[in-house]
Amino acid sequence: MEQTTHLLECLKEVYDPELGVNIVDLGLVYEVREEPERVHVRMTLTTPGCPLHDTIVGAVKWVLQENTNKTDIDVQLVWEPQWSPQLMSNEAKEMLGYF
């Protein structure tokens, strides 16, 4: 669990450039786990046609490589479950005016 918490903290450095909120607080990261040879991330984006797809995935890979010293970062983009604003943290909701 501690390991997962560390990885999630690292991923908080990755922001959705359009919303200005990190991907963890947005609720985009469904799973992250460190394996002996790689780090696996299962995540989504706010919309399937997100124009910043490559930018966000590239940032996820870069941040995890820098913080784990692993070069094999497997980012799996999924569309189920579909992202919704209910997945956001209270901090993200507050920043985006959902309260």
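Further up the page is the structure itself.
What follows concerns the overall build of the chain. For the chain, the helix and strand inventory stands at three helices and five strands. Starting at the N terminus and ending at the C terminus, the chain contains elements arranged as α-β-β-β-β-α-β-α. Dimensions along the principal axes, computed over C-alpha positions, put the chain at roughly 40 × 30 × 20 Å. The proportion of buried residues among the 99 residues of the chain is 37%. In the chain, once contacts between residues fewer than 6 apart in sequence are set aside, the share between residues at least 24 apart is 61%. Charge centroids of the chain, computed over 7 positive and 17 negative side chains, lie 5 Å from each other.

Pairing within the open sheet is mixed, and its three strands lie in the order β3-β4-β5. Two strands lie at the open edges of the sheet, namely β3 (29-34) and β5 (73-77), each paired on one side alone. For this sheet the average axis-to-axis angle between neighbouring strands, irrespective of direction, equals 10 degrees. With five bridges joining them, strand β4 (residues 39-43) and β5 adopt parallel strand pairing. Looking at the pairing, Val41 lines up with Val75 of β5. Lying over the sheet, helix α2 (residues 53-68) contacts β3, β4 and β5, oriented at roughly 150 degrees with respect to β5.

Calculation criteria
- Residues numbered from 1 in each chain as written.
- Predicted model: local features only at pLDDT ≥ 70, side-chain atom pairs only at ≥ 80, totals over all residues.
- Heavy atoms only, no water.
- Helix = DSSP H or I, 4+ residues; strand = E, 2+ residues; numbered from the N terminus.
- Buried < 20%, exposed > 50% of the residue type's maximum accessible area, 1.4 Å probe, protein only.
- Contact = heavy atoms within 4.5 Å.
- Lys, Arg positive; Asp, Glu negative; His and termini not counted.
- Charge placed at Lys NZ, Arg CZ, Asp CG, Glu CD.
- Pairing = 2+ DSSP bridges.
- Axes fitted to C-alpha atoms, helices over the stretch in contact; angles between N-to-C directions.

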